[in-house]
Amino acid sequence: MNAKVVVIIAVAVLVAAGAAAFVIMKNDKEVRPIDVNLEIFGNADKDWKIDENDAKLVEEYIKAQSDGDSEKTSEIEVKISLRFADADNNGVIDDRDVKQIRAVADGTADHLWFLDGVQRERDMDLDVDRIGAEYFTNTEMMLILGQSDKVVAVDNAPYVCRDFYFSEKQQSNLRNMVNMSVPDYDLINSMNLDVLLIFAPSTAAKYEEKQEKIVGCDVLYLGLYIPDLTNTSKSNFIQGILKAGYIFGNVERAEAYTNWVTDNRDKLLGLAESIPDGEKPVVGMSNYMAGQYFLDETKNTFTLYKSGDPLGQAVILAGGRNVLKIIGGDGDSSGGATVQVDAVFNDDPNVHADFFFLHMVKYTYGGSVNQEVPDHGYDTDDYSEITAAWENADSRTLVMDEKIALIAGDFRNGCTGGILLAAYMAKIINPEVYSSVDPVELHNEYIGWMGIGDYDVNKKGVFVYAGSA
Ligand SMILES: [Ca+2]
Ligand SMILES: [Ca+2]
């Protein structure tokens, strides 16, 4: 009897301790405000979330209107977005909008009106069971938001990597969409998708073509392709993650992940800003691929990625200067410029790259395999191919004291907006300034965000190779 009482008390103490720990954790993990104006209809007060404040503001506005109180109306009009106050986007602000805002806020809405990654007005049924995810970025985002059981289709690149991303049970429901650059629409239609998340809008027609040809499915570009991480308020990437939180019913997770990204971004950017511009190493972000100089001595052009690209964002966060900024042709968009090699390798004393980071794509978004690109990423532990490729790139005639690093395509095409690559890059180009940053630890945290528990980057994977020490 006494023993039982003791056990009960012990359990009660443990429960109390657990509860206390939970409260502390809850406080610790409280979402920090995110500097975006969330583009979901219902976000009347122009902040980063849909909550009771929006509902109250719209109620106040409706009341002021019906009372004919023009003073109060003008007062509210200073802080309200009349466009987004119309939560069901039907052109009228009324009680139905207040109801929709509360439903979105408490997770019971069955429909959502929002802007997609190219600012188009969309409305979506939130009854989503079958998700198609294009490329690493959308696949990884779905994992981060806890949707892996619902992902039933991916294109060839993540499909090759399915042992890493999905459990055996999940794999039994997973199909290969193969080529999403030129899709086989009959194949995609046979998959009966509710939503297809597309990698890049490419051209508006391509996005529209997919929407038109894939039947009974919301084809959606969320904006992750252009991270704009150094400018949160304009970041399509941040908007995209937050919108996905509402669409897939895991707002808390989306907000927490966004915080993780921006916290790390802030830390990296703070370190970058501590280096005077003139002392920042100059970095060229290029490719290791067929038809380009670093792979093939006989070619005289290569790609240099712009500052707006995830690869260019990494240069900024790692405390480097993009060589494209020095030679001209830089920009805020994603992607790169094709330049003649002598635009960088020349006699001009003002033009010299200290480092080249070579992006690699083994499995393309078009379903093909670049055989000449070394094996890399989560699925291999073997450095022999990447070592041989590095030796090839480093042996280019024009390469003198420039340091070469090969980097996994996962960095650009995953869902970290460039922070993970920035951490690895910083350790190579500014090791002293970034001594407090541990890229492998950050990478393991990211894998944890994806819900993958049995993978340690200390022991597995091939992501960066910068030659032997
Ligand atoms: Ca709001
Ligand atoms: Ca309305």
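As the structure is a computational prediction, the values presented were derived from the model and not from experiment.

### Side note on the overall build of the chain
In step 1: In terms of helices and strands, the chain carries 19 helices and 14 strands.
In step 2: Over its C-alpha trace the chain gives a radius of gyration of 25 Å, about what one expects of a compact globule, namely 23 Å for 469 residues.
In step 3: Dimensions along the principal axes, computed over C-alpha positions, put the chain at roughly 75 × 70 × 55 Å.
In step 4: Burial statistics for the chain: of 469 residues in total, 45% are counted as buried.
In step 5: Sequence separation of at least 24 residues holds for 62% of the intrachain contacts in the chain that already meet a minimum separation of 6.

### Topic: the packing of helix H18 (residues 419–429) against helix H19 (residues 439–449)
In step 1: Contact pair H18 / H19: the axes reach a minimum separation of 9 Å and the direction vectors enclose 165°. Between H18 and H19, the interaxial angle falls into the category roughly antiparallel. For the element pair H18 and H19, the recorded crossing hand is left-handed. Taken together, the residues of H19 that come into contact with H18 (itself represented by Leu420, Ala423, Tyr424 and Lys427) are Pro439, Leu442, His443 and Tyr446.

### Section: the nonpolar core
In step 1: Core analysis: the largest hydrophobic core is formed by 137 residues, its most contacted members being Leu358, Ala422 and Met425.
In step 2: For this core, the element with the highest residue contribution is H18, accounting for ten residues.
In step 3: Looking at which domains feed residues into this core, each of domain 2 (37–109) and domain 3 (262–465) gives three or more.
In step 4: Apart from the residues within four sequence positions on either side, Met425 is in contact with Ala314, Ala318 and Phe357.

### Structural notes on the confidence of the model for the chain
In step 1: Summarising the model, the chain shows a mean pLDDT of 92, and 93% of its residues fall at 70 or more.
In step 2: A low-confidence stretch, residues 1–28 stays under pLDDT 50, and its non-local contacts, those more than four residues away or across chains, total zero contacts.

### Some remarks on helix H5 (residues 95–105)
In step 1: Three or more residues of H5 are buried, namely Asp97, Val98, Gln100, Ile101 and Val104. Axial view of H5: buried residues confined to an arc of 160°, hence all on one face.
In step 2: In the core, the buried residues of H5 are packed alongside helix H2 (52–67), helix H4 (82–85), strand S1 (111–115) and helix H12 (236–247).
In step 3: Of the residues flanking the end of H5, it is Gly107, one or two places downstream, whose phi is positive at about 80°.

### Quick look at the pairing of strand S13 (residues 403–407)
In step 1: Two strands pair when backbone bridges link them, and strand S12 (residues 355–359) and S13 are joined in this way by five bridges, in the parallel orientation. Bridging from a neighbouring strand, Phe356 pairs with Ile404 of S13.
In step 2: Remark: the S12/helix H16 (residues 384–394)/S13 crossover connection has right-handed handedness.
In step 3: Of the strand pairs in this sheet, S13 and strand S14 (residues 464–465) are connected by two bridges, and their pairing is antiparallel. By the bridge assignment for S14, Ile407 is matched with Val464.

### Side note on the sheet that holds strand S5 (residues 175–178)
In step 1: Taken in spatial order, the five strands make up an open sheet running S5-S4-S3-S6-S7, and their pairing is parallel. The sheet is open, and its two edges are formed by S5 and strand S7 (218–220), each paired on a single side. Each strand axis lies, on average, 20° off the axis of its neighbour in the sheet, ignoring direction.
In step 2: Summarising the sheet, strand S3 (residues 131–133) and strand S4 (residues 151–155) pair through three bridges and their orientation is parallel. Note that in S4 the partner of Ile131 across the bridge is Val151.

### A few points about the sheet that holds strand S8 (residues 282–287)
In step 1: With respect to topology, five strands assemble into an open sheet ordered S10-S8-S12-S13-S14, the strand pairing being mixed. One side of each edge strand has no neighbouring strand; the edge strands of this open sheet are strand S10 (321–322) and S14.
In step 2: Its contacts with the sheet put helix H14 (residues 310–317) on S8, S10 and S12, and the angle it makes with S8 is roughly 160°.
In step 3: Of the strands in this sheet, S12, S13 and S14 are in contact with H16, which crosses S13 at around 145°.

Conventions adopted
- Residues numbered from 1 in each chain as written.
- Chains lettered and ligands numbered in written order.
- Predicted model: local features only at pLDDT ≥ 70, side-chain atom pairs only at ≥ 80, totals over all residues.
- Helix = DSSP H or I, 4+ residues; strand = E, 2+ residues; numbered from the N terminus.
- Rg over C-alpha atoms; globule rule 2.2 N^0.38 Å.
- Buried ≥ 20, exposed ≤ 12 C-beta atoms within 10 Å, placed from the backbone.
- Contact = placed C-beta atoms within 7 Å.
- Axes fitted to C-alpha atoms, helices over the stretch in contact; angles between N-to-C directions.
- Parallel < 35°, antiparallel > 145°, perpendicular 65-115°, else oblique.
- Left-handed = near helix turned anticlockwise from the far one by under 90°.
- Core = buried A, V, L, I, M, F, W, Y, C linked by C-beta atoms within 7 Å.
- Domains from an automatic or database assignment.
- pLDDT = per-residue confidence, 0-100.
- Arc of directions from axis to C-beta.
- Pairing = 2+ DSSP bridges.
- Right-handed = clockwise from strand over helix to strand, strands pointing away.

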